[in-house]
Amino acid sequence: MDTPATLAPLAPTIGPIPTLTVLMRFLIFKYYAPYYSFCTVGNDFLADIPVGRVVLSVNEHFDANLLLAIDTGCQAFVVDEPGIASFLDRYIPVHDIARQRSLDKSLILLLSQQNQTQVFDRLRSQDVFRELPNVLLVVYDEQERPVNLYTTAISIVNVLERKVHVSLDQLPIDWSSWRNYTFFPDKTSDLNGYVLRMATCNYLPFTSYESLLLVSFCEHRNCNILVFPEDEDEWGDVYPNGTGKGLMGSVAERRTDIAFGAFYLWFKPYNFSTYTATVSRSGVTVLVPKPKMLPFWRTPFLSFSLPLWIAVMVTLLAGILAAWIAGTVRHRLLLLSVDGDDEQHDLIAEKLTLTDAVLMMVGFFVAQSSSIRTDLWSCVFLFTSLLLAGFMVSNLYSAGLASIMTIPQYERSIDSVKDFAATGMPWYGPTPYCLEEIWHATEPHLQQILKTYIDSGPEEMNLHAHLGDSGFVIEQAQHGNFAPSNFLDRECSTTLQPLKDFIYTQNCAALITNTNPLHSNLDEYILRVQQSGILYHLGTRTAIRYLPTDVMQNIERARVHQHDEGAVTLEIGHFLGAFFILAYGLLCAGFVFIGELWGTMIVRRVNELLAWNVTYVTPY
């Protein structure tokens, strides 16, 4: 590529009609100056002027050189007659794999007057002109003077077919004032019924206001929309060879011109297509099972947390051990202070057994009276501390039990992404592209949820939604409306709630072909709609008209529990825990009693057997 330099003045014209060189230099300097660079295929009209450009030749390396030129920044083209066919055939395929996404490209085709008829016949069936409206055809004679100038006009006979019909309209130029003529007239203000093929899926509210935006655009530009719904594959996928399925595949294969579906700026389809300006913002979070109310039989155990229960049990065991040791020492001291077997026999009732210590400590902890020895100061201090400990425990338990019984208790709620990752719960979504934003995340909780994500269809997601054992991808639109997929129904929506934070946020855009001629105009219109606030109106109207009101309300109010208005009246169910403890105690006592009877019978039979053997043994 030559380096840019100061432009040289044009050569003077000879007569009213300029030479081809003069005309081309004028067109390049006037219309190609805003571009970063331009390409010349064939004759180079600026050979003596050091201006930035790329000069290409039609040879076996033309495809590679054209791709390199486009990626280098080539945004406009001048093609001489020998390279017209090769250039037009390779224009779209090369742009599809190019990395540069330049807008509003222009093309000047140069052809000789003697070959005009043959070249025109080939041009009338070129689909490339459907996506390249800024075209100027210069027909020159044998003296290399421009004879006629033409531009292209597109008409589509059958909108269901891609094949287009190109008509070549002659420009009524007055050569006496040719420098003031507009050689590239505006063709986008009035598109004359241009058919824009749009692919979309049922993903409200996004696809609704995105489609309405395109409808409004076409109303102003006089174009038509042909809708191709993608209900089976929805977003689909794009493969490395440029083929694909679903919405993304339809644009990559150019079966459609534009696709709406709350597309994020995913890299994979960007290899073969591009994105419009940001239409809206979206936040991705997870629908998780709502916490269920804890069963009433657990009421007696909810007054203390697990660490507090452990502390209480440790205190109880320490008190039992201390009381038993103190009682044992006291009994031995009493035995040492008396003489005779009768007096010692009378002190048997003073002995504190381990079972007595257990019942004593349980009595202290449940605020019940118990026999206390006060003849030793050590016992006084010990039992005083145990009484105070039992008093504190019983009062704390009573206060906790009062709040537990009057305020409904729920399972631990899953509120944040970290909480959800800690559960290890599987979660489902309609496409693997839901995870593209966090594929390379380094945070441990994001790496964890990457492992548990499952790509599935609506039927499978609906099944797990009713089972209540999984999470589900859900998006929140820019103005607060959620976008539930069709797996949600009224029943399962009452059992789910969204997280309080987002996994990530992203901008939504439309997927469009690389060389779509309406790209820049549509971007401008999207930005104007964005700043006007109309999207808020469109999104709200969509939610009211088309989204299931009951499902949406269930999701939005998922964290408002039915008992949040205050305390509840005590019912028989609140005492199930006490009955459970009583039943458990009776059951344990019954089994222990049966075990004691069984053990007593075994011991008696063993003793009888031993006595019989001793009585009837034969001496030697």
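Throughout, residues of each chain are indexed from 1 in the direction in which the sequence is written. Confidence filtering applies because this is a predicted model: local features only for residues at pLDDT of at least 70, side-chain atom pairs given and counted only at 80 or more, and all residues used for totals across whole chains, interfaces and linings. The side-chain values count all of the structure's non-hydrogen atoms but skip hydrogen atoms and water molecules.

Q: I'd love a proper account of the overall build of the protein, names of residues and values included.
A: A run of H or I in DSSP becomes a helix once it reaches four residues, and a run of E becomes a strand once it reaches two; helices and strands are each numbered from the N terminus. Scanning the protein from terminus to terminus reveals 19 helices and 20 strands. Here the term buried applies to any residue with accessible area under 20% of the maximum for its type, exposed to any over 50%, and partly exposed to those in between, with areas from a 1.4 Å probe on protein chains only. Going through the 620 residues of the protein one by one, you find that 45% of them count as buried. The long-range share in the protein, meaning contacts at least 24 apart out of those at least 6 apart in sequence, stands at 75%. Element-wise, carbon and sulfur atoms account for 59% of the exposed surface of the protein, whose accessible area totals about 32,500 Å². A contact between two residues is defined here by any heavy atoms of the two lying within 4.5 Å. Only the protein chains shown count as cover for residues, with accessible areas throughout obtained via the Shrake-Rupley method and a probe of 1.4 Å.

Q: Give a description of the layout of surface pockets that names residues and reports values.
A: Each pocket or cavity is described by its volume, and for the second largest pocket that value is around 390 Å³. Both cavities and pockets are sets of points on a 1 Å grid over the protein atoms alone; in a cavity a 1.4 Å probe fits but cannot get out, in a pocket the set is open with protein on both sides within 12 Å along at least five of seven lines, and lining residues sit with an atom within 4 Å of a point. Considering the residues around the second largest pocket, the lining is formed by 18 residues, among which Ala153, Ile154, Leu191, Asn192 and Tyr194 are closest to the centre. Of all the elements in the fold, those that place two or more residues in the lining of the second largest pocket are strand 6 (146-155) and strand 8 (194-200). A total of four residues in the lining of the second largest pocket trace back to one element, the largest contributor, which is strand 6. Of the residues contributing to the lining of the second largest pocket, the split by class is ten nonpolar, five polar and three charged. Grid points are joined across faces, edges and corners, and a volume is the space filled by probe spheres set on the points. Polar here means any residue outside two lists: the nonpolar Ala, Val, Leu, Ile, Met, Phe, Trp, Tyr, Cys and Pro, and the charged Asp, Glu, Lys and Arg; Gly therefore counts as polar.

Q: Run through the pattern of salt bridges, naming residues and quoting values.
A: For salt bridges, the criterion is a side-chain nitrogen of Lys or Arg within 4 Å of an Asp or Glu carboxyl oxygen. One pass over the structure, following the stated rule, counts nine salt bridges. Across the salt bridge formed by Arg255 and Glu253, the nearest N and O atoms sit 2.8 Å from each other. Here Glu253 falls in the partly exposed class, since its relative accessible area comes to 32%. Overlapping salt bridges, with partners in common, bring together Asp96, Glu131 and Arg254 in one network.

Q: Any details on the state of the cysteines? Residues and values, ideally.
A: Two cysteine sulfurs form a disulfide in these notes if their separation is within 2.5 Å. Per the counting criterion, the structure on display carries two disulfides. For Cys218, the disulfide goes to Cys223, at an S-S distance of 2.1 Å. Measuring the twist about the S-S bond at about -100°, one finds the Cys218-Cys223 disulfide to be left-handed. By relative accessible area, Cys218 is classed as buried at 4%. Note on Cys223: relative accessible area 9%, which makes it buried.

Q: Tell me about empty space enclosed by the protein, and name the residues and values.
A: All told, the structure shown has four cavities of 30 Å³ or more when counted by the stated rule. Taken as a whole, the largest cavity holds about 140 Å³ of empty space. Together, 16 residues line the largest cavity, and Tyr203, Pro430, Cys434, Val473 and Glu475 are the ones closest to its centre. For the lining of the largest cavity, the leading source of residues is strand 17 (residues 471-477), giving three residues.

Q: So, the nonpolar core: which residues are in play, and what are the values?
A: Counting residues in each nonpolar core, the largest one holds 66 residues, and the members touching the most others are Ile258, Phe263, Phe420, Trp427, Ile449 and Ile503. Residue contacts for Ile258: discarding those within four places in its chain leaves Leu196, Arg197, Met198, Ala199, Leu214, Val251, Thr276, Ala510, Leu511, Ile512 and Leu522. Counting residues in each nonpolar core, the second largest holds 34 residues, with Ile70, Cys74, Ile92 and Val135 among its members. Here, the term nonpolar core denotes a set of buried Ala, Val, Leu, Ile, Met, Phe, Trp, Tyr and Cys residues that are joined through side-chain atoms within 4.5 Å.

Q: So what about the packing of helix 5 (residues 206-221) against helix 16 (residues 519-532)? Which residues, and what values?
A: To obtain each axis, a line is fitted to C-alpha atoms, and for helices this fit is confined to the stretch in contact; angles are then taken between N-to-C directions over 0 to 180 degrees. Closest axis-to-axis distance for the helix 5/helix 16 pair is 11 Å, and the angle between their directions is 115°. Relative to helix 16, helix 5 is oriented so that their crossing is right-handed. Contacts between helix 5 and helix 16 involve Leu213, Leu214, Ser216, Phe217, His220 and Arg221 on the former and, on the latter, Asn521, Leu522, Tyr525, Ile526 and Val529. Classifying every residue of the contact of helix 5 with helix 16 gives seven nonpolar, three polar and one charged. Should the near helix be turned anticlockwise from the far one by less than a right angle, the crossing is left-handed, and should it be turned clockwise, the crossing is right-handed.

Q: Could you give an account of the packing of aromatic side chains, naming the residues involved and the relevant values?
A: Any two rings among Phe, Tyr and Trp, with Trp reduced to its six-membered ring, count as a pair given centres within 6.5 Å; such a pair is stacked if its planes are under 30 degrees apart, edge-to-face if over 60, and tilted if neither. All told, the structure shown has 22 aromatic pairs when counted by the stated rule. Judged by centre distance (5.1 Å) and plane angle (75°), the ring pair of Phe26 and Trp178 falls under edge-to-face. Taken as a pair, Phe26 in helix 1 (residues 20-31) and Trp178 in the loop between strand 7 (165-170) and strand 8 lie far apart in primary sequence, 152 residues in all. Accessibility classification places Phe26 together with Trp178 in one group, the buried group. Judged by centre distance (4.9 Å) and plane angle (55°), the ring pair of Phe77 and Phe87 falls under tilted. Here Phe77 is found in strand 3 (residues 74-79), whereas its partner Phe87 is found in helix 3 (residues 84-97), with ten residues between them in sequence. Looking at Phe77, the relative accessible area reads 0%, which means it is buried. In this structure Phe87 comes out as buried when scored by relative accessible area, which is 0%.

Q: Before we move on, could you go through helix 3 and cite the residues and values that matter?
A: Each residue after the first adds 1.5 Å to the expected span of a helix. Its 14 residues give helix 3 an end-to-end C-alpha distance of 20 Å, which sits within 8% of 20 Å, the value for a rise of 1.5 Å per residue. Of all the bends in helix 3, the greatest reaches close to 45° and is centred on Tyr91; the proline Pro93 follows between one and four positions later. All of the buried residues along helix 3 are Ile84, Phe87, Leu88, Tyr91, Ile92, Val94, His95 and Asp96. Buried residues in helix 3 make contact with strand 1 (37-41), helix 2 (62-72), strand 3, strand 4 (106-112) and helix 4 (116-123). Consider a residue and the seven residues that end there alongside the seven that start there; fitting an axis to each set, the bend is the angle between those axes.

Q: Please give an account of a nonpolar patch on the surface that cites residues and values.
A: Like-charged residues within 9 Å of one another, or nonpolar side chains (Val, Leu, Ile, Met, Phe, Trp, Tyr) within 5 Å, are grouped into patches, provided each residue has over 30% relative accessible area and no salt bridge. Where nonpolar side chains cluster on the molecular surface, the patch consists of Leu321, Trp324, Ile325, Val329, Leu354, Val358, Val362 and Val366 and spans about 650 Å² of accessible area. Listing elements by their share of the nonpolar patch, those giving two or more residues are helix 8 (306-336) and helix 10 (354-365). Topologically, Ile325 is positioned in helix 8.

Q: Before we move on, could you go through helix 17 (residues 534-545) and cite the residues and values that matter?
A: For the α-helix, the turn length of 3.6 residues means that residues three or four positions removed from each other point alike. Between its first and last C-alpha, helix 17 extends 16 Å over twelve residues, near the 16 Å set by a 1.5 Å rise per residue. Among the residues of helix 17, those classed as buried are Leu535, Leu538, Gly539, Thr542 and Ala543. Projected down its long axis, helix 17 carries its buried residues within an arc of 130°, all on one side. Of the residues in helix 17, the exposed ones pointing more than 90 degrees away from the buried face are Ile544 and Arg545. Where helix 17 is buried, its residues meet helix 5 and helix 16. To be clear, the arc concerns the directions from the helix axis to the C-beta atoms.

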